[in-house]
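Residues per chain are reported as follows:
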Amino acid sequence: MTRERPLLVPAKPDLRRVHLRFDEALIEAREHDTLATALIAAGVLMTSRSPKYRRPRGPYCLSGDCGTCLVRVDGRPNVRSCVTPVREGMRVSSQNSYKPRSLDPTQLVDSLFPRGIDHHHLMVRPRVVNQVMQEFARNLTGYGELPAGVAERRCEYLGHELPVLIIGAGPAGRAAAAALERAGVDHVIVDRHDHAQLRANLEAELAAEFSQPPARLLSSTGVFGIYPGPRAAYPEHRDDRALIGASELDGETERLHEFRPQHLIFAVGSRDPMVPFSNDDLPGIVAARGLIRALRRTDARISGRCVVVGSGPWAAAQRDALDELRDPEAPRVELVAPEEIERAVGGERIEALVCRGRRLSCALLAIAGPPAAAHELAAQAELALRFDGAGFVIVTQDHGRCGALGGTQLWAAGDVCGWLGPAAAARDGQRVAEAVIAALDAAPEPVADARQFAAEAPPQPPPLRERAVVGDTFADEPSDQPSDQPSDQPSDEPGNEPGEPEPQP
Amino acid sequence: MTDRTFVCRCEDVTFTDLEHGLAAGLTTLEELKRYTGFGTGPCQGKECMAAVARELIRRALVEPEALVPFTSRPPIEPVSLGALATAPDPFADPLPSAPYMRSPGDDS
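What counts as what
Residues numbered from 1 in each chain as written. Chains lettered and ligands numbered in written order. Predicted model: local features only at pLDDT ≥ 70, side-chain atom pairs only at ≥ 80, totals over all residues. Heavy atoms only, no water. Helix = DSSP H or I, 4+ residues; strand = E, 2+ residues; numbered from the N terminus. Buried < 20%, exposed > 50% of the residue type's maximum accessible area, 1.4 Å probe, protein only. Contact = heavy atoms within 4.5 Å. Buried area = accessible area lost by both parts, 1.4 Å probe. Salt bridge = Lys/Arg side-chain N within 4 Å of Asp/Glu carboxyl O. Polar contact = N/O pair within 3.5 Å; in protein donor to acceptor, adjacent residues only side chain to side chain. pLDDT = per-residue confidence, 0-100. Pairing = 2+ DSSP bridges. Axes fitted to C-alpha atoms, helices over the stretch in contact; angles between N-to-C directions. Core = buried A, V, L, I, M, F, W, Y, C linked by side-chain atoms within 4.5 Å. Phe/Tyr/Trp six-rings, centres within 6.5 Å; stacked < 30°, edge-to-face > 60°. Lys NZ or Arg CZ within 6 Å of the ring centre and 35° of its normal. Expected span 1.5 Å × (residues − 1). Disulfide = S-S within 2.5 Å.

Regarding the overall build of chain A
Piece 1. When its secondary structure is counted, chain A shows ten helices and 31 strands.
Piece 2. Classification of the 505 residues of chain A by burial places 53% in the buried group.
Piece 3. Long-range contacts, defined here as pairs at least 24 residues apart, represent 66% of the contacts in chain A between residues at least 6 apart.

Brief notes about the overall build of chain B
Piece 1. A tally of helices and strands in chain B yields four helices and two strands.
Piece 2. Reading chain B from its N end, one meets helices and strands in the order β-β-α-α-α-α.
Piece 3. For chain B, buried positions account for 50% of its 108 residues.
Piece 4. Contacts in chain B between residues far apart in sequence, at least 24 positions, make up 51% of those at least 6 positions apart.

Looking at the interface of chain A and chain B
Bring the parts together and some accessible area is lost; that lost area is often taken as the interface size.
Piece 1. Taken together, the contact between chain A and chain B spans 92 residues of the former and 62 residues of the latter.
Piece 2. For the chain A face of the interface with chain B, the top three residues by lost area are Phe224(A), Met274(A) and Phe387(A), together amounting to 10%.
Piece 3. Taken together, the links from chain A to chain B amount to six salt bridges.
Piece 4. Arg192(A) is the salt-bridge partner of Glu77(B), the closest N and O atoms lying 3.0 Å from each other.

What to know about the side chain of Thr68(A)
Piece 1. Its location among the elements puts Thr68(A) in the loop between strand 5 (56-57) and strand 6 (70-73).
Piece 2. Overall, Thr68(A) belongs to the buried group, its relative accessible area being 5%.
Piece 3. A distance of 3.2 Å separates the side chain of Thr68(A) from the side chain of Arg9(B), its partner in a polar contact.

Some points on the confidence of the model for chain A
Piece 1. Looking at chain A as a whole, the pLDDT averages 85, with 83% of positions reaching at least 70.
Piece 2. Below a pLDDT of 50 lies the segment residues 481-505 of chain A, which in the model reaches nine contacts outside its immediate sequence neighbourhood of four places, other chains included.

Description of the sheet that holds strand 7 (residues 76-80) of chain A
Strand pairs in the sheet, formed through backbone hydrogen bonds, run parallel or antiparallel to each other.
All names here are of chain A.
Piece 1. Across the sheet, five strands lie side by side as 3-2-8-6-7; this open sheet has mixed pairing. The sheet is open, and its two borders are formed by strand 3 (25-30) and strand 7, each paired with just one other strand. Averaged over neighbouring strand pairs, the angle between their axes works out to 40° when direction is ignored.
Piece 2. When strand 2 (residues 17-22) meets strand 8 (residues 90-94), the two strands line up parallel, connected through three bridges. Counted as the bridge partner of Arg-21 is Arg-91 from strand 8.

Considering the environment of Ala38(A)
All names here are of chain A.
Piece 1. Turning to its location among the elements, Ala-38 is positioned in helix 1 (residues 35-41).
Piece 2. Look at Ala-38 and you get buried, because its relative accessible area is 1%.
Piece 3. Considering only alpha carbons, one finds Ala-38 and Val-86, 48 residues apart in sequence, at a separation of 7.8 Å.
Piece 4. With residues up to four places along the chain from it excluded, the contact list for Ala-38 reads Ile-27, Ala-29, Asp-33 and Val-86.

Thoughts on the nonpolar core
Piece 1. Residues Leu291(A) and Leu322(A) are the most contacted members of the largest nonpolar core, which totals 28 residues.
Piece 2. Looking at this core element by element, the count peaks at five residues for helix 7 (residues 288-298) of chain A.
Piece 3. By size, the runner-up hydrophobic cluster in this structure holds 27 residues, among which are Val188(A), Val223(A), Leu377(A) and Ile76(B).

Section: the sheet that holds strand 19 (residues 334-336) of chain A
Residues and elements named next belong to chain A.
Piece 1. Ordered by their spatial adjacency, four strands build an open sheet running 16-23-18-19, and the pairing between neighbours is parallel. With one partner strand each, in any of the chains shown, strand 16 (285-287) and strand 19 form the two edges of the open sheet. Taking the axes of each pair of neighbouring strands and ignoring which way they run, one obtains an average angle of 30° across the sheet.
Piece 2. In this sheet, strand 19 lies alongside strand 18 (residues 306-309) in parallel orientation, the contact comprising three bridges. Paired with Val-307 across the two strands is Glu-334, which belongs to strand 19.
Piece 3. Helix-sheet contacts for helix 7 involve strand 16, strand 18 and strand 23 (364-367), and the interaxial angle to strand 16 is about 80°.

Details of the packing of aromatic side chains
Piece 1. Considering all chains together, one arrives at four aromatic pairs over all chains under this definition.
Piece 2. Ring centres of Trp314(A) and Trp419(A) lie 4.8 Å apart, and the angle between their planes is 75°; this geometry places the pair in the edge-to-face category. Here Trp314(A) is found in helix 8 (residues 312-324), whereas its partner Trp419(A) is found in the loop between strand 28 (408-412) and helix 10 (422-442), with 105 residues between them in sequence.
Piece 3. Judged by its relative accessible area of 39%, Trp419(A) falls in the partly exposed class.
Piece 4. Over the face of the ring belonging to Phe6(B) we find Arg57(A), whose NZ or CZ atom lies 4.8 Å from the ring centre.
Piece 5. Looking at Arg4(B), its charged tip hangs above the ring of Tyr53(A), at a distance of 3.8 Å from the centre.

So, the environment of Ser94(A)
Residue and element names in this part refer to chain A.
Piece 1. Assignment of secondary structure puts Ser-94 in strand 8.
Piece 2. Of the residues examined, Ser-94 reaches a relative accessible area of 2% and is grouped as buried.
Piece 3. There is a polar contact of 2.8 Å between the side chain of Ser-94 and the side chain of Asp-23.

Description of helix 4 (residues 171-183) of chain A
Residue and element names in this part refer to chain A.
Piece 1. An ideal rise of 1.5 Å per residue puts 18 Å on 13 residues; helix 4 measures up with 18 Å between its terminal C-alpha atoms.
Piece 2. Residues Ala-172, Gly-173, Arg-174, Ala-175, Ala-176, Ala-177, Ala-179 and Leu-180 constitute the buried set of helix 4.
Piece 3. Elements that come into contact with the buried residues of helix 4 comprise strand 9 (154-167), strand 10 (187-190), helix 5 (195-201), strand 14 (253-266) and helix 10.
Piece 4. Trailing helix 4 by a residue or two, Gly-184 shows a phi angle of about 70°, which is positive.

Quick look at the state of the cysteines
Piece 1. Counting across every chain of the model gives zero disulfides over all chains.
Piece 2. We note that Cys66(A) lacks a disulfide partner, and the nearest cysteine sulfur, in Cys61(A), lies 3.7 Å from it.
Piece 3. The buried category is assigned to Cys66(A), whose relative accessible area is 4%.
Piece 4. There is no disulfide at Cys8(B), and the cysteine sulfur nearest it, in Cys48(B), is 4.3 Å away.

Some words on the confidence of the model for chain B
Piece 1. Looking at chain B as a whole, the pLDDT averages 84, with 82% of positions reaching at least 70.
Piece 2. Across chain B, element-level confidence peaks in helix 2 (residues 29-36) of chain B with a mean pLDDT of 95 and bottoms out in helix 4 (residues 81-84) of chain B with 88.

A closer look at unusual backbone geometry
Piece 1. A cis amide bond, omega -5°, links Pro74(B) with the succeeding residue Pro75(B).
Piece 2. In this structure, Asp74(A) takes a positive phi of about 50° despite not being glycine.
Piece 3. Structurally, Asp74(A) is set in the loop between strand 6 and strand 7.
Piece 4. A positive phi angle is found at Ala60(B), which is not glycine, with a value near 55°.
Piece 5. Checked against the element boundaries, Ala60(B) lands in the loop between helix 3 (49-58) and helix 4.
Piece 6. Judged by relative accessible area, Ala60(B) falls into the exposed class, the value being 66%.

As structure tokens, then:
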């Protein structure tokens, strides 16, 4: 077991226990934990070192946005610990750090360059010094370590042609899906989170309205890109539908979804960006909203001292929500304005916050900056965006219409058009869905029902084999022995092999 | 540890680096990204872009109406090359013809 003091305790002690290994420590988790909540609960906050100054880093956003909770799980690198549910016997290791973590000699970089490493001027000339420096820096960062002994993941493809696609299953997306369901319009709603997280993300005021998940929900499906139709450059194909790519993780199967919707509703919500202050990168500094949702998901309570950073009604609301989620024996959750902070103090975890001369000791620091709209997908579709003081929001015309990409009409609902709050976002989602239904009535889809397509024999990636790695290269040359080729295994669907001769009658 | 204020934690870009960029006369998010490297790590700007944008406005270097985000490129969520390799060639086979029997509703 770890020697650290636990930071989160379960509200109900009777949840099933799951055991996993993080580096050398044995971690006991509860069944609904994600990897990140299990580590925070056990008081293990550091999961990696930063690329340049080699400082300790740990989970921040707890909702799959930031890049600092990446770990290796069973040999697979760059797994987001905050969106990975725990499994019995999981082998997890920290990334980008030498073991043991606390004795890593590269952490000296932080003290050797107190004024920073300016790559525009430091060791740029003479050239040979620059080359040595580049090589040294590359080895320091430790990125790009190859997978080792990775359990093979099956890959599948699924194409969809459908009237409406909704991205995001928060309040706006769910209300839109419910309105489409009532009207009998075929649609799919996708979200990158799993069911447990989607349930936890719902605010209490909406829990009764959305007690059931949407009927046509694809969970654990992250939309990674939006593209014009492949032939959109040709004038006669200018009205081809846009193509939306998403990756669904279904156990050990990764399914690539390719959607071609007539109408696309962005209901992607908002993110929790960081608030800059001195040493704002210490492990234990997390997003307030992410922490609240993680506590709701795992039904856990804060057992250490927690401080919220932020100003205005939004931060006060986050503080109150966190205060309700603390263990009765834990101290009250305090609120500090960002202007008051001088610096945070700590090493492998945050220890205190120095504000205007007073020192506030804390085990968790929750950042409650204003939520910023998740504009990335809309920006890929070249929609008009406007900075609203917190993030870039989609500019919508009447009823949520925001543009078109080829033959696909684009709509936006909820917090992605500017912060509304859960109840107002749900009303907005319903309003936009009604406008979409009216648009579909005016110009009906040629095929009213969604159609799905799968390739008869999707090409499979070559199998990953376990190979010894020395430094950043393989220790041996690949052997082309066909012994572990998948073609030797009997195919469960005869006739799918393209080269196989047809049996003669 | 040395006291540092980070604007981008993925790529270790500090406030000092940002100030160097501003001193060099850069005032747009795209230019600052190219100079400092902020927003080029695993989060692709999801955590840091709003903080840098707010700083630009606080210093009155740009009007909020004139502010545009740096270019967003796929993938914004992880996808493996193995999964991408299963997609049919859109020019050779725009939509594969075999209907798939599973409806999206049976997701567990």
